[in-house]
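If you want the building blocks of each chain, they are given just below.
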Amino acid sequence: MERLGLQKIMIKEKATNSAEPVNGMIYTMMRFTYLILGSMTAMTLSSCSQENILDTESKSAYVASLQKLSGSEREKQAQADAKQLELLVDSVKTMTYYFGFSLDLSSGSGGTPTVDTASAFQLQDRDTLKHDFLAPDRQLSLVQQYALPESGFAFGSGNEERGFQWVNEEDIQYHIKEIFHGGKAVAPTDLALRRADSVLVEATYKFPVRFDTLVIDINQREPVVYKGDTVDLEEVTAHSVEFALPIDLANAMIDNHGVMADGTLVDNNSYSGFPVIGVHPDRLAAVSQLQSLLASADGETVMEQLDNVSDSTFVWLNKLVAFQETFNDQGNADVEDVDAQIDVMKGWTDTYADLLGAVSKTYRIAFPQPVEQVYLYVASEYEEVSRSFVARNNQPSAGYHVFVDRPKQHYGIADSLGGIIIPVEYTSLREESGGFFVEQKDGVLTTYSLNTGEKKLDPFPEGIRFWAPLNETLAVFKNEDGYAGLLDKEKREIIPFAYDGFDVEGNIVIANASLRGRTYFHFYTLAGKRIEVPEKITTFEAGDGGVTIGTRDDRSGRIDGQGNVTFNTEGR
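This one's a predicted model, so the numbers in the text were calculated from it and none came from an experiment.

Cut-off values and rules
Residues numbered from 1 in each chain as written. Predicted model: local features only at pLDDT ≥ 70, side-chain atom pairs only at ≥ 80, totals over all residues. Heavy atoms only, no water. Helix = DSSP H or I, 4+ residues; strand = E, 2+ residues; numbered from the N terminus. Buried < 20%, exposed > 50% of the residue type's maximum accessible area, 1.4 Å probe, protein only. Areas by Shrake-Rupley, 256 points an atom, 1.4 Å probe, with all protein chains shown as cover. 1 Å grid on protein atoms, 1.4 Å probe; cavity = no way out; pocket = protein on both sides within 12 Å on 5 of 7 lines; lining within 4 Å. Points joined across faces, edges and corners; volume = space filled by probe spheres on them. Nonpolar A, V, L, I, M, F, W, Y, C, P; charged D, E, K, R; others polar. Lys, Arg positive; Asp, Glu negative; His and termini not counted. Salt bridge = Lys/Arg side-chain N within 4 Å of Asp/Glu carboxyl O. Polar contact = N/O pair within 3.5 Å; in protein donor to acceptor, adjacent residues only side chain to side chain. Pairing = 2+ DSSP bridges. Axes fitted to C-alpha atoms, helices over the stretch in contact; angles between N-to-C directions. Contact = heavy atoms within 4.5 Å. Parallel < 35°, antiparallel > 145°, perpendicular 65-115°, else oblique. Left-handed = near helix turned anticlockwise from the far one by under 90°. Arc of directions from axis to C-beta.

(A) Seen up close, the overall build of the protein. In terms of helices and strands, the protein carries nine helices and 36 strands. Here the protein holds 572 residues, and 46% of them are scored as buried. A total of about 29100 Å² of accessible surface is found on the protein, and carbon and sulfur atoms cover 45% of it.

Here it is as structure tokens:
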């Protein structure tokens, strides 16, 4: 077995122990290893003349391959395949990643900061939560996730007056009852890739009515098990803690406080929590059950036992193998651009959406003053209430959108009427703003524009990637060195790759650059013609279709909407 890995960030091992009881049961915490990507394992497996199970496309193909063997050969092959499945499951268990970054805080050198003390933690009144959830004027909107054979939907109330005021929307589960298109109810498969007008849903809100208090004692070093879950602590200081919670426990965490030496409760002044993405345990369980079957079967009974294995088990198996290869390819890649690496990982989340999920959550909590304990409040008992909503589709109507063929796990593009423009031939594809599309394949990101006339995707040059739209016709791209340039949808370079970014005011493009930490600006027309100015410009103020410009020694001028420059060379 060969072990590979990306660079590990902040490898530390610290621990803590218990504290005094606070409003419930008391638990302690232990160490955690904090990675930007989890460790990755690639397997070098023994091969034989018989095709192994990791190369099999379906259950029927695997059964057919075993039928060609004698009983003794079949048993030997089943044992070898069981070993390969065991190695696969052990490997992908460790393949995790997240998108979170946090910075250390400093209290500075200007003296002791003012500390706002906190009140003892209390749950929100249940009648207040129920009234908020059941209020007649509450409204939901939806986001449609286009797919075949059925589209998916995400729901939310927003932050407007008619949105939830006290209810945490992450605690709501939705069951779709009816989908409407063109003013009529339609079956999900009949909706296909068309836009839904609205969706009738049954919403169930689950909220805590009792809680336990977990305690991190800054001065102790003992592990803790809470209801069967071991809670891992990576680092603890007088000002901050970093720890990981299993996902079910993380979902139950409500709030936190720091406790100073005199018992005073304080609120945190920095809080971050990042889901760690990995293979969903249910997917691993299905493959593990197949592994156990093959490990214990003999050559005469294995065929009969395979009759009880679902076809979907082999679907998950193929996806696990594909994800493992993708993950290891990225581990072997020389990726220095963090933004590009994040884009690649986001592509995994899209491509393997039905395989991956949050398996744990990493937290960092910091406090303005030294604390001796940290309290984590965890829900231990819940109440539920349900009601119906008609969720409206308020998404802007897009001419074209990406969809996924779920059985094939390939992506294409459909038009606003649900007609397929680009067939499902991409293993990864996502929409970007401005009408651009991005594919991630073998660790390489490729940006495309949609050629509707020829119904194809036209790639942009290799080595550049989409960053942001500037207007309806121009977009900002970045090259491998991290410099920004401006291209149009015909892939023509309008402004060279020499800048940090761009702003636009009317017909004027403001190009941001820097030299030895000092910012300065160049100016262009939308057609890419450089607007010459007599001095190095270090400040600008855009407005009324033009730009007021200034130098470091307070000389100023203005560029009007036609690109004409007036400048005061005398200064103030």
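Structure shown, so let's carry the discussion forward.
(B) Highlighting the layout of surface pockets. Roughly 1000 Å³ of internal volume is contained in the largest pocket. Residue lining of the largest pocket: 33 residues in total, with Asn168, Glu170, Asp171, Asn251 and Met253 positioned closest to the centre. Broken down by secondary-structure element, the contributors of at least two residues to the lining of the largest pocket are strand E7 (172-181), strand E9 (198-217), helix H5 (247-252), strand E14 (253-259), strand E16 (270-279), strand E17 (356-366) and strand E18 (373-393). Take the lining of the largest pocket: its biggest share by element is five residues, from H5. Across the lining of the largest pocket, the residue classes tally to 20 nonpolar, six polar and seven charged.

(C) The side chain of Asp415, seen in detail. Following the sequence through the fold, Asp415 ends up in strand E20 (residues 410-415). Of the side chains with opposite charge, Lys455 comes closest to the buried, unpaired Asp415, at an N-O distance of 7.0 Å. Polar contacts involving the side chain of Asp415 include one to the main-chain amide nitrogen of Gly419, which spans 2.8 Å.

(D) Looking closely at the pattern of salt bridges. Scanning the entire structure with this criterion turns up 17 salt bridges. Between Arg364 and Glu242 there is a salt bridge whose closest N-O contact spans 3.3 Å. Of this pair, Arg364 sits in strand E17 while Glu242 sits in strand E13 (residues 240-246); the two residues are 122 residues apart in sequence, bridging distant segments of the chain. Residues Arg364 and Glu242 agree in their burial class; the two are buried.

(E) Quick look at the sheet that holds strand E29 (residues 493-499). The sheet built from four strands is open, its strands ordered E26-E27-E28-E29 with antiparallel pairing. Each end of this open sheet is capped by a strand with a single partner; those strands are strand E26 (465-469) and E29. For this sheet, the mean inter-axis angle between neighbouring strands, taken without regard to orientation, is 30°. By the bridge criterion, three bridges tie strand E28 (residues 484-488) to E29 in an arrangement that is antiparallel. Looking at E29, one finds that Leu486 is bridged to Ile495.

(F) Structural view of the sheet that holds strand E21 (residues 420-426). On the basis of which strands lie adjacent, the open sheet formed by four strands has the order E5-E19-E20-E21 and mixed pairing. In the strand order of this sheet, the two ends are held by strand E5 (147-148) and E21, each with one partner. Where E5 lies against strand E19 (residues 400-405), two bridges are found, and the strand directions are parallel. Each bridged residue has a counterpart across the sheet, and for Ala147 the counterpart in E19 is Val404.

(G) Inspection of the side chain of Asn479 at higher detail. If you trace the backbone, Asn479 turns up in the loop between strand E27 (474-478) and E28. Given a relative accessible area of 15%, Asn479 falls into the buried group. At a separation of 3.0 Å, a polar atom in the side chain of Asn479 contacts the main-chain amide nitrogen of Asp481. For Asn479, the side chain forms a polar contact with the main-chain nitrogen of Tyr483, separated by 3.0 Å. When sequence neighbours within four positions are dropped, the list of residues in contact with Asn479 reads Gly463, Ile464 and Phe497.

(H) Structural detail: the packing of helix H2 (residues 71-93) against helix H6 (residues 281-296). Orientation of H2 relative to H6, taken along the N-to-C sense of each, is 155°, at an axis distance of 8 Å. Taken together, the axes of H2 and H6 lie roughly antiparallel to each other. Handedness of the H2/H6 crossing: left-handed. Touching Ala78, Gln79, Asp81, Ala82, Leu85, Glu86, Val89, Val92 and Lys93 of H2 are Leu284, Val287, Ser288, Leu290, Gln291, Leu294 and Ala295, all from H6. Looking at the contact of H2 with H6 residue by residue, the classes come out as ten nonpolar, three polar and three charged.

(I) Spotlight on the pairing of strand E25 (residues 456-459). In this structure, strand E24 (residues 444-451) lies alongside E25, joined through four bridges in antiparallel fashion. The partner of Asn451 across the bridge, within E25, is Lys456. With antiparallel pairing between neighbouring strands as the criterion, E24 and E25 make up a hairpin whose turn holds four residues, including Lys455 at a positive phi of roughly 50°.

(J) Fine view of helix H1 (residues 59-67). Along H1, the residues that are buried comprise Lys59, Tyr62, Val63, Ser65 and Leu66. For H1, the angular spread of buried residues about the axis comes to 160°, placing them on one side. More than 90 degrees from the buried face of H1, the exposed residues found are Ser60 and Gln67.

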